[in-house]
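Residue-level listing of the chains:
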Amino acid sequence: QIDGFTFPAGVSIDFTSPAPADGVGRAIVAGYQNYVLSMWAGVLSHGANTGYTNQAAGNALTFVTREVARYRSAGLTVRGTVTYSGTKVTNVYFGTGASLVTCVDAAAFHGVSTETGAKVGPALPARPARYLEEVAEARRSDGTWFVNRSVTYPTASAQGATCR
């Protein structure tokens, strides 16, 4: 659950990496997880849940806004499991910026018809089913973190090879 949104049966957003030992690392990972959960809440609510606007900025917000718009139609939704693993904070910059990487496996996450339940394609058609996501985060004055940049690398690439 995020921002009052409860994920429906048939949808699983799994974060499998242990939390970092330090408080700053935990807060950075929590910022990323909130970004992910708020994006899928926006998608699954057909745009009614707008919590993602507080969790993303820059090209990350552009990406989320595009995905929410894709699923705005009441006839289309997502089902299945998307897994985020190998998540780690790679750098912290002066306590106000950070970078994080994670492996995303969306091979079992699909766009489906709400009328028939039939798969109509991948949940994220513009991205490969498995990829490395690298994000930049910024810290707000209240200590929470949000994603302001996202780059993806297919597992076939040199950068994404760690997610094979």
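Residues numbered from 1 in each chain as written. Predicted model: local features only at pLDDT ≥ 70, side-chain atom pairs only at ≥ 80, totals over all residues. Heavy atoms only, no water.

A. Spotlight on the pattern of salt bridges. On inspection of all chains with the given rule, the structure shows four salt bridges. Between glutamate 67 and arginine 70 there is a salt bridge; the shortest N-O distance is 3.0 Å. In this pair, glutamate 67 and arginine 70 both sit in helix 3 (residues 58-70), three residues apart, roughly one turn of the helix. A residue is classified by how much of its surface remains accessible, and glutamate 67, at 1% relative accessible area, is buried. Accessibility expressed as a relative area gives 30% for arginine 70, which makes it partly exposed. The closest approach of N and O atoms between arginine 130 and aspartate 105, which form a salt bridge, is 3.4 Å. With arginine 130 in strand 5 (residues 130-139) and aspartate 105 in strand 3 (residues 97-113), the pair connects residues that are 25 residues apart, well separated along the chain. The partly exposed category is assigned to arginine 130, whose relative accessible area is 43%. Judged by relative accessible area, aspartate 105 falls into the partly exposed class, the value being 29%. (Salt bridge = Lys/Arg side-chain N within 4 Å of Asp/Glu carboxyl O. Helix = DSSP H or I, 4+ residues; strand = E, 2+ residues; numbered from the N terminus. Buried < 20%, exposed > 50% of the residue type's maximum accessible area, 1.4 Å probe, protein only.)

B. Representation of the packing of helix 1 (residues 23-44) against helix 3 within the structure. For the pair helix 1 and helix 3, interaxial distance at closest approach is 8 Å and the crossing angle is 25°. For the element pair helix 1 / helix 3, the angle class is roughly parallel. Here helix 1 and helix 3 pass one another in a crossing that is right-handed. Contacts from Tyr35, Met39, Gly42 and Val43 in helix 1 reach Ala60, Phe63, Val64, Glu67 and Val68 in helix 3. Looking at the contact of helix 1 with helix 3 residue by residue, the class counts come to seven nonpolar, one polar and one charged. (Axes fitted to C-alpha atoms, helices over the stretch in contact; angles between N-to-C directions. Parallel < 35°, antiparallel > 145°, perpendicular 65-115°, else oblique. Left-handed = near helix turned anticlockwise from the far one by under 90°. Contact = heavy atoms within 4.5 Å. Nonpolar A, V, L, I, M, F, W, Y, C, P; charged D, E, K, R; others polar.)

C. Quick peek at the nonpolar core. Counting 38 residues, the largest nonpolar core has Phe7, Ile13, Tyr32, Tyr35, Trp40 and Phe109 as its most contacted members. For this core, the element with the most residues is helix 1, which contributes eleven residues. Beyond its immediate chain neighbours, meaning those up to four positions away, tryptophan 40 contacts Phe7, Ile13, Val78, Val82, Tyr84, Phe109, Ala123 and Leu124. (Core = buried A, V, L, I, M, F, W, Y, C linked by side-chain atoms within 4.5 Å.)

D. Quick look at unusual backbone geometry. We note that histidine 46 has phi near 55°; this positive angle belongs to a residue other than glycine. Mapped onto the secondary structure, histidine 46 falls in the loop between helix 1 and helix 2 (52-55).

E. Inspection of the pairing of strand 6 (residues 145-154) at higher detail. Sheet analysis places strand 5 next to strand 6, joined by nine bridges and oriented antiparallel. When the bridges of strand 6 are listed, glutamate 134 appears paired with valine 151. Taken together, strand 5 and the strand that follows it, strand 6, pair antiparallel across an intervening segment of five residues, in which glycine 143 is found at a positive phi of about 95°. (Pairing = 2+ DSSP bridges.)

F. Up close: the packing of aromatic side chains. This model, assessed by the stated rule, comprises five aromatic pairs. Pairing tyrosine 32 with tyrosine 35 gives two aromatic rings, centres 6.0 Å apart and planes at 40°, and the pair type is tilted. Of this pair, tyrosine 32 and tyrosine 35 both sit in helix 1, separated by three residues, roughly a single helical turn. The buried category is assigned to tyrosine 32, whose relative accessible area is 1%. Plain terms: the ring middles of tyrosine 32 and tyrosine 84 are 6.1 Å apart, the flat faces sit at 70° to each other, and that makes the pair edge-to-face. Of this pair, tyrosine 32 sits in helix 1 while tyrosine 84 is found in strand 2 (residues 76-93), placing the two residues 52 residues apart along the sequence. Neither tyrosine 32 nor tyrosine 84 differs from the other in exposure class; each is buried. An aromatic cluster is defined as three or more aromatic residues linked by ring pairs; in this entry it consists of Phe15, Tyr32, Tyr35 and Tyr84. A cation sits over an aromatic face here: arginine 127 above phenylalanine 63, 3.7 Å from the ring centre. (Phe/Tyr/Trp six-rings, centres within 6.5 Å; stacked < 30°, edge-to-face > 60°. Lys NZ or Arg CZ within 6 Å of the ring centre and 35° of its normal.)

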